[in-house]
Amino acid sequence: MKQKKNTILIVDDEPQIRKLLCITLEAHNMKPEEADEGRKAIRMAVSVKPDLMLLDLGLPDIDGKQVIKEVREWSNLPIIVCSVRDSDKEMIEAFDLGADDYVTKPFNPDVLLARITANLRKAASVEAGQPVLENGRIQMDLVKHEVLVDGNRVEFTPKEYDLLRYFLVHRGKMLTHRQILHEVWGAAHGDDTQYLRVYISQVREKVEPTPSSPDYIVTEPGIGYRMEVF
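Keep in mind it's a predicted model, so treat the numbers as computed, not measured.

About the criteria used
Every residue gets a number counted from 1 within its own chain, in the order that chain's sequence is written. Side-chain atom pairs in this predicted model are given and counted only at pLDDT of 80 or more, local residue features only at pLDDT of at least 70, and totals for whole chains, interfaces and linings cover all residues. Side-chain measures here rest on the full set of heavy atoms in the structure, leaving out hydrogens and waters. Strands here are runs of E lasting at least two residues and helices are runs of H or I lasting at least four, both read from the DSSP assignment and numbered beginning at the N terminus. Contacts: residue pairs with any heavy atoms within 4.5 Å of one another. When DSSP locates at least two bridges between a pair of strands, those strands are taken to pair. Note on method: axes are straight lines fitted to C-alpha atoms, helices fitted across the in-contact stretch only, with angles between N-to-C directions ranging 0 to 180 degrees. Any residue under 20% of the maximum accessible area for its type is buried, any over 50% is exposed, and the rest in between are partly exposed; the area is computed with a 1.4 Å probe on protein chains only. Consider the strands pointing away from the viewer: the crossover is right-handed when the path from the first strand over the helix to the second runs clockwise. Angles are sorted into four bins: roughly parallel if under 35 degrees, roughly antiparallel if over 145, roughly perpendicular if 65 to 115, and oblique for all others. Crossings are assigned a handedness: left-handed for a near helix turned anticlockwise from the far helix by less than a right angle, right-handed for a clockwise turn. Under the scheme applied, nonpolar residues are Ala, Val, Leu, Ile, Met, Phe, Trp, Tyr, Cys and Pro; charged residues are Asp, Glu, Lys and Arg; polar residues are all the others, including Gly. Salt bridges are identified by distance alone: a Lys or Arg side-chain nitrogen within 4 Å of an Asp or Glu carboxyl oxygen. Stacked, tilted and edge-to-face are the three classes applied to pairs of Phe, Tyr and Trp rings, where Trp contributes its six-membered ring and a pair requires centres within 6.5 Å; stacked means planes under 30 degrees apart, edge-to-face means over 60, and tilted covers the rest. Criterion for a charge above a ring: Arg CZ or Lys NZ at most 6 Å from the ring centre, at most 35 degrees from the ring normal.

(A) Seen up close, the side chain of Glu70. Relative to the helices and strands, Glu70 resides in helix α3 (residues 64–71). Those residues in contact with Glu70, other than ones at most four positions away along the chain, are Arg39 and Ile42.

(B) Here's a closer look at the sheet that holds strand β3 (residues 52–55). The 5 strands are arranged β2-β1-β3-β4-β5 in an open sheet whose pairing can be described as parallel. Across the chains shown, the open sheet's two edge strands, defined by having one partner strand only, are β2 (30–35) and β5 (101–104). On average, adjacent strands in this sheet sit at an angle of 20° to one another, irrespective of strand direction. Judged from the 6 bridges that link them, strand β1 (residues 6–11) and β2 form a sheet pairing that is parallel. The residue bridging Thr7 from the neighbouring strand is Lys31, located in β2. With respect to the sheet, helix α1 (residues 15–27) is in contact with β1, β2 and β3, its orientation differing from that of β2 by roughly 165°. Packing of α3 onto the sheet brings it into contact with β3 and β4 (79–83), and relative to β3 it is tilted by some 160°.

(C) The pairing of β3, seen in detail. Side chains of β3 alternate between two faces, with Leu52 and Leu54 and Met53 and Leu55 buried alike. Strand direction decides the pairing type here: β3 and β4, joined by 3 bridges, are parallel. Paired with Leu54 across the bridge in β4 is Ile80. Viewed along the sheet, the connection from β3 through α3 into β4 turns out right-handed.

(D) Summary view of the packing of helix α2 (residues 38–47) against α3. Close contact between α2 and α3 brings their axes to 9 Å; oriented N to C, the two are set at 25°. In terms of orientation, α2 and α3 fall into the roughly parallel class. Between α2 and α3 lies a crossing of right-handed hand. Listed contacts from α3 to Gly38, Arg39, Ile42 and Ala45 of α2 are Val67, Glu70 and Val71. Its residues assigned to classes, the contact of α2 with α3 comprises 4 nonpolar, 1 polar and 2 charged.

(E) Highlighting the sheet that holds strand β7 (residues 138–141). Taken in spatial order, the 4 strands of this open sheet run β6-β7-β8-β9, and their pairing is antiparallel. Here the strands that pair on one side only, and so sit at the sheet edges, are β6 (132–135) and β9 (152–154). Taken over all neighbouring pairs, the strand axes of this sheet differ in orientation by 25° on average, direction set aside. Note: β7 against strand β8 (residues 146–149), 4 bridges, orientation antiparallel. Within β8, the position partnered with Asp141 by the bridge is Glu146. Packing of helix α6 (residues 158–169) onto the sheet brings it into contact with β6, β7 and β8, and relative to β7 it is tilted by some 110°.

(F) Summary view of the pattern of salt bridges. Per the stated rule, a full pass over the model turns up 21 salt bridges. Note that Glu34 and Arg18 form a salt bridge whose closest N and O atoms lie 2.8 Å from each other. Separated by 16 residues along the polypeptide, Glu34 in strand β2 and Arg18 in helix α1 bring together distant segments of the chain. A relative accessible area of 13% means that Arg18 is categorised as buried. In this structure, the salt-bridge partner of Arg85 is Asp63, at a minimum N-O distance of 2.9 Å. You can see Arg85 sitting in the loop between β4 and α4 (88–97) and its partner Asp63 sitting in the loop between β3 and α3, a full 22 residues away along the chain. Judged by relative accessible area, which is 23%, Arg85 ranks as partly exposed.

(G) Looking closely at the packing of aromatic side chains. Within the structure shown, the criterion is met by 5 aromatic pairs. When the centroid spacing of 5.1 Å and the interplanar angle of 65° are considered together, the rings of Trp185 and Tyr199 count as edge-to-face. Residue Trp185 is found in the loop between α7 (177–184) and α8 (193–207), and its partner Tyr199 is found in helix α8; the two are separated by 14 residues along the sequence. Summarising the burial analysis for this pair, Trp185 and Tyr199 share the class buried. Taken together, the ring pairs in this structure connect Trp185, Tyr195 and Tyr199 into an aromatic cluster. Sitting above the plane of the Phe156 ring, Lys206 keeps its charged end 5.1 Å from the centroid.

In short, shape yes, function no, at least from these values alone.
Given below as structure tokens:
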């Protein structure tokens, strides 16, 4: 039986960029689809049902952030922004609207492919609705409500557990400080970044091989945190 190819919707108004991405994706057994405008991309997200969207922000009809906003009204489709805009403000706005990742142009094709693979893997795991979340040396059993690190049970406070679960569910995705605080602690704590930093440190002490040089929960200065995929 032939393996189903993942369909990747490329949204970019530059033909040369779309061509480069098509060649790269096809070489790695993925099926590219193309859109050169935001409105077309939204329609194709409905009709084509891609497995992932690569999205430029500078589109000729509407801003790419509007595409994220409208798609997120009905879909959890993984969205990786691929843009020349490299300011923290642009990135934070895109993440807060629901982007899963952000790669700046000019990009390294190998890095972009790694991000695509990580987000496809995460989406497949979420869709499967698995009762156990795993990432490298970390295993979280949602039924037994316990965490194993290297096969050994580690005790977590309820809030540490909720924070780790949020990272595991969204592994591979850049998460802003506001997103994490809002989802784990509630809207009233949206600006308590120092509060979050303390909890991040506590979780790192329990899951990282070297907490002072973390491999799993990494800091993106000025933006937030990402749990790398292992």
